[in-house]
Structure formats: C-alpha cells, structure tokens
Amino acid sequence: MPSPLFADHPADRPPERDTVEALITQARRLRGDLDAVRRESSVDTGLATDPQLRWQRALCDLAVHHLDDLGGHLDQLREGLPTESDDTADADDPPAAPPGPEPHERGALLRRVGSAEWNLLTDEVSWSDELFAIFGRSPSDGPLTLDELPSLVYAEDQEKLTTMVTDCLVDGRPLDGEFRIVRPDATLRTVHMAGEPVLDTDGSTACMWAVLRDVSELRRSQQAVRESGDSLHRERQIAQTEHRLAVELQETVLPPWRGSLRFSQSGPVTLDLAGHYLPSGTSALIGGDWYDALHLPDGTTLLSVGDLTGHGVTATSGMAMLLGALRGMAVAGHRPGPLMGLLNQLLDAAAQPALGSAVCGRFDPGSRTLEWAQAGHPAPLLFRGGAGRALDPPKGVLLGATSGATYTQHTEQLEPGDLLVLHTDGLVPRRAHGAETAHEGAERLLALAPRFRTARSAQDSVRIVVEEFGSTEREDDACVLIAKVGD
C-alpha cells in the first residue's frame, strides 16, 4: 500500500537514494539549527508571563513537530528504497549527515503513521502495526471494518468520517480529513486520514486504502501558537490603549502653554518661563514626570518639577493627582517646606504605593527671592554671568518613602538676568547606579553656561537643552523648566 488507482496504471519512478539522503541531511541540519533557536528562546520561570516569549516558544515547538514529522517520513521513504549495488561502493561518498534522532525518538516518529486497506469484494481488512498503536488496540483484537471504525471516533466527528468515507466509496473522491478518536484508555487523539479508492476494471470501487497519521501533538502545538498569539495581540492592544490614555492624561495635566510665558507682575520685574517634556528613547514609556508654573493670588509664582515612579496610566494618573494637590495647596498659601510634607502624607496614604521626587519653589518678584524645598530631587541650577552652580539643597527625602517626614526650605536671592533651570533626573541614560551617574545630567547642564549666557529668552535656553539632550537614548522621560529673571 498504497495501491495504484487502476491496475494498469504505470508505476511512478521511485526517488533516487542520493536525493533522499540529501533531504535527510538538510532536515537534520535544520533541526539542529532550530534546537539552537529554542535554547535561546527558552522561557524562564521569571519570564513565563511575557506573552511575546510564550508565543515565540510555541512557534519553535510547532516547527519542531513539523521537522520531526518530516524526518520520520524521509526515514520511511529511505527504508523503502533499494540499497546501492556493490559496483558503486568506490564512488565518492556524499557528505555525512548530522546525527539523526535517537533510536527511541525515531521509532516514536514512525509509530505516528499507519496504513490500512479495506477490500470491499472480500471484506478483508488489513492494518499496519503502527495503526494498531495509534488506535491503542492490540493486533490480536484484529482491525476494524469501515462499519466498526466510527465506534472509536469521537461522537462529534462521526458524521464527518461517515461523509468522508461515503464520498470516497460512492463518488471516488480521495480521502483527506481529520477526526478525533477515543482510545480504550479514554485518551483523545487527533488523526489525519488520507487515501484513495481502488477501482476495478469496470470502474467500480474494489477497495479503499488510507494512510492515517497521529497529529495530536502537532495540533496541540498549533493551538498553543494560536492561544499565545491571541494573548500577545490582546496584550499589545491593552498596551496601546493604556499608552493613548497616558498620553491624553499627560497632555491634559501639563501646562497648556508652549514657548515662553511671561507672568504680569506688580512692578517692573517679570519672569520669563519656558518648559519642555522630553520623551524616553522608547516612546511607549510614558512616565510620571511633570513641570509646572502657576501665578498665585499673593503675586508670587509657583515653580515645580517632579517625577513619580512607574510608567503608563498608573504613573500619569498619580502624577495628575499629585500635581493637582500641589497647585491647590500652593494657592491656599502653604510654603514649599510644609507643602512637601503634605504631599508626602498624601502619597503615604494613597491606595497604590508610589515614590516621588519633586522641587517646589515660590518666586517673589518684589524681593527677587526664591523660596524652595525639595524631596529627593536634583537641586535647581542657577546661571549667572556665564557660570552655573547647583543650589544648596535643603533636607528632604523622597515623597512616600517614610511617614511623618519633615522638609526644610531655603531662600535664594536672585538678580536681574539670572537663569534658573529645574529638571528631572531622566535627562541622561542610567549607565550605572550611584551618585556620580545621578549628577551627570546636572553636570552636562552646567557645561551649557556659556550658551545660556547668549540666549535672549527662556525659550531659547530650552532649545539649547533640547539640542543637547533631545537625541539621547534615555531609558526614562524627563522634564525641564527654565525661568529667566527680568530686569
């Protein structure tokens, strides 16, 4: 088996042994390369929740099943070929094939394919040993007739098998379909059946042959690929939705003004302001960074920058809550130090624990003084006369780090023409941890002092910062707020 469709049909020419050996060699080499890919894509227990990795692993497993089946079929094909004659023994030997599967593995592959023939004229039925193994039957039990075969077929698939067999016997159509069988041990297997009717000389069906293949593992692998692919698709849709929401929330909360902003002050002193948000190297990461400037009822100006830990909607919504509280307490008259203490209590009591850093200052145009406090945040940078320095920071721990923390505040006397730069700590990549890396962004900003001196406005200074840091492959987003004191 399989039998030719007609008895007088000329037999096809069998494939050359060298051709089959070459195919086996290629299949084994490809199988070895795939094993290397599987090892690289192995899912560790700590990464098992990553849908991308699960999907990649499922695809590798599916490819392995396909290649294993291919190797088994080629081995069967080779075993059916005649051996080379002795007069070709001295010919050049083909390249040696890589080691094939272990004997027990190879046997398992061959046992997944069996054959059967049902003779309609004599009622004889013959099954191969492999087919008995697929159905979980002992050869001593004998093969099943076409009438008995549905008894082992899963109830929902019996009609499918009956239709397939009827079309083959009555209409002469080839067999090509799958159905599930319930073995005597109650296990469920999926079998693919392919075959043809064998016609008698008068054109009537004399017998039917079929090759049945156990494709259970293959279908499970395909199902795993579909499920992991669906999971990956859902995760990406969720991530895209959360990213869109985070962007919209951030755009709603951050100051609506772009370019320079000049607050009308009572008196000759004006404060020229400009801010900018710098996204991370991967735009998918929207963090909790903010910058803000607000004209307060007492004539002072609130300046603040900060960063809430995390990314996505959680971080941006937390940032919106924190910034809203900061604005409200500043309008209510709280000074920077006590205000930081209240923000710390707010984060400490939040339903979702988070840490934040911030700088908050109030600029008094009448005295040109800046009263400011900080919570675990880089100090503002003051540029005057072509030189820059970091302000001496008052004491203050990260927001949400400890209950009952107190925050002191300092007062800095500013002069006409002074440039004040407030920034978050994500300006430069975090190549390492430690104080030296933490100050790298501030040091690079201080090195821009000569360029800041020639800038005519706060917006020009922001452009200088963007030119310096805008193309940096940052792991985090960042904000910068620049205030230029008028004459």
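All of the points below concern the structure found in this document.

Criteria and thresholds
- Residues numbered from 1 in each chain as written.
- Predicted model: local features only at pLDDT ≥ 70, side-chain atom pairs only at ≥ 80, totals over all residues.
- Heavy atoms only, no water.
- Pairing = 2+ DSSP bridges.
- Helix = DSSP H or I, 4+ residues; strand = E, 2+ residues; numbered from the N terminus.
- Axes fitted to C-alpha atoms, helices over the stretch in contact; angles between N-to-C directions.
- Contact = heavy atoms within 4.5 Å.

Some words on the sheet that holds strand 10 (residues 356-364)
Line of reasoning, step 1. The strand order across the open sheet formed by five strands is 8-9-10-11-14, and the pairing between neighbours is antiparallel. Two strands bound the open sheet, and with one partner strand each, they are strand 8 (287-295) and strand 14 (410-413). When the angles between neighbouring strand axes are averaged without regard to direction, this sheet yields 15 degrees.
Line of reasoning, step 2. Direction of pairing for strand 10 relative to strand 11 (residues 369-375): antiparallel, over a ladder of seven bridges. Its bridge partner being in strand 11, Val 359 is matched across the sheet by Gln 374.
Line of reasoning, step 3. Each of strand 8, strand 9 (301-311) and strand 10 touches helix 7 (residues 313-331); the most contacted strand, strand 9, lies at about 155 degrees to it.
Line of reasoning, step 4. The sheet strands contacting helix 8 (residues 336-348) are strand 9, strand 10 and strand 11, and the helix crosses strand 10 at an angle near 150 degrees.

Thoughts on the sheet that holds strand 2 (residues 125-127)
Line of reasoning, step 1. An order of 2-1-5-4-3 is seen for the five strands of this open sheet, with the pairing classed as antiparallel. Strands with a single pairing partner mark the edges of an open sheet, and in this sheet they are strand 2 and strand 3 (175-182). Pairs of neighbouring strands in the sheet enclose a mean axial angle of 20 degrees, with direction left out of account.
Line of reasoning, step 2. Both strand 4 (residues 188-199) and strand 5 (residues 205-214) contribute to a ladder of nine bridges, which runs antiparallel. In the strand pairing of strand 5, Val 198 is matched with Cys 207.
Line of reasoning, step 3. The sheet strands contacting helix 5 (residues 158-171) are strand 3, strand 4 and strand 5, and the helix crosses strand 3 at an angle near 145 degrees.

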